[in-house]
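One letter stands for each residue in the lines below.
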Amino acid sequence: MFSDNKKPKETLDYSKNQNKISEGTLITGDLVSKGGFRIEGKIDGNVKTEGRIVVGATGSIIGTLTCESAEFEGSFSGNLDVSDTLTLKPTAKIEGEVVIGKLVVESGASFNVTSCAMKGAVKPISKKQNGGKSA
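Residues numbered from 1 in each chain as written. Predicted model: local features only at pLDDT ≥ 70, side-chain atom pairs only at ≥ 80, totals over all residues. Heavy atoms only, no water.

Draft legend 1. Focus on the pairing of strand E11 (residues 93-105). Pairing of strand E10 (residues 75-88) with E11, which is carried by twelve bridges, proceeds in the parallel orientation. For Thr85, the partnering residue across the bridge sits in E11 and is Lys102. Relative to strand E12 (residues 110-118), E11 runs parallel, the two being bridged by eight bridges. If you follow Ile94 over to E12, its bridge partner there is Phe111. (Pairing = 2+ DSSP bridges. Helix = DSSP H or I, 4+ residues; strand = E, 2+ residues; numbered from the N terminus.)

The following block contains the structure:
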């Protein structure tokens, strides 16, 4: 009736899954996914994923975006939180507040933000680095 054969549970890697929001689609509201997104349509709301976001030339997001990495050809306005790399192609238009790990900006991209912070960019000065004196 009960088996001692315990099979290890398969772990799904959702980061390889990609959802697509096609051109001509408008989503108003919040999107949450473990997999990434390719966005060619328009989103008015919050997007949160553990994966990668690609916003095509016809795509736009107005709201909050939280993701691992993002590549923009389209537009964004709001609060952007990218834990790894944000890549801006020549047609990208970014406005708002940005927190990122790394930033890649190609010539022609518009990066007009009110604040930009890089995660891990500010390192406190230790006593060893300051010759043993406190700052």
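Draft legend 2. Examining the side chain of Ser60 more closely. With respect to the element layout, Ser60 can be found in strand E8 (residues 60-67). Setting aside anything within four residues of it in sequence, one finds Ser60 in contact with Gly41, Lys42, Ile43, Val55 and Ser75. (Contact = heavy atoms within 4.5 Å.)

Draft legend 3. Spotlight on the packing of aromatic side chains. All chains considered together, the criterion is met by one aromatic pair. Taking 5.9 Å as the distance between ring centres and 65° as the angle between the ring planes, the aromatic pair formed by Phe72 and Phe76 counts as edge-to-face. Residue class for Phe72 comes out buried when judged on its relative accessible area of 0%. Under the relative-accessibility criterion, Phe76 is labelled buried at 2%. (Phe/Tyr/Trp six-rings, centres within 6.5 Å; stacked < 30°, edge-to-face > 60°. Buried < 20%, exposed > 50% of the residue type's maximum accessible area, 1.4 Å probe, protein only.)

Draft legend 4. Here's a closer look at the environment of Glu71. Position of Glu71 among the secondary structure elements: in strand E9 (residues 69-72). Placed 16 residues apart in sequence, Glu71 and Thr87 show a C-alpha to C-alpha distance of 4.6 Å. Setting aside its immediate chain neighbours within four residues, Glu71 contacts Arg52, Ile53, Val54, Val55, Thr87 and Lys89.

Draft legend 5. Focus on the pattern of salt bridges. A full pass over the atoms with the stated rule returns five salt bridges. For the salt bridge of Arg38 with Glu40, the shortest nitrogen-to-oxygen distance reads 2.8 Å. What makes Arg38 partly exposed here is its relative accessible area of 27%. Of the charged contacts in the structure, one is a salt bridge between Lys102 and Asp84, with a shortest N-O distance of 3.7 Å. Linking Lys102 in strand E11 with Asp84 in strand E10, this pair joins segments that are 18 residues apart in sequence. (Salt bridge = Lys/Arg side-chain N within 4 Å of Asp/Glu carboxyl O.)

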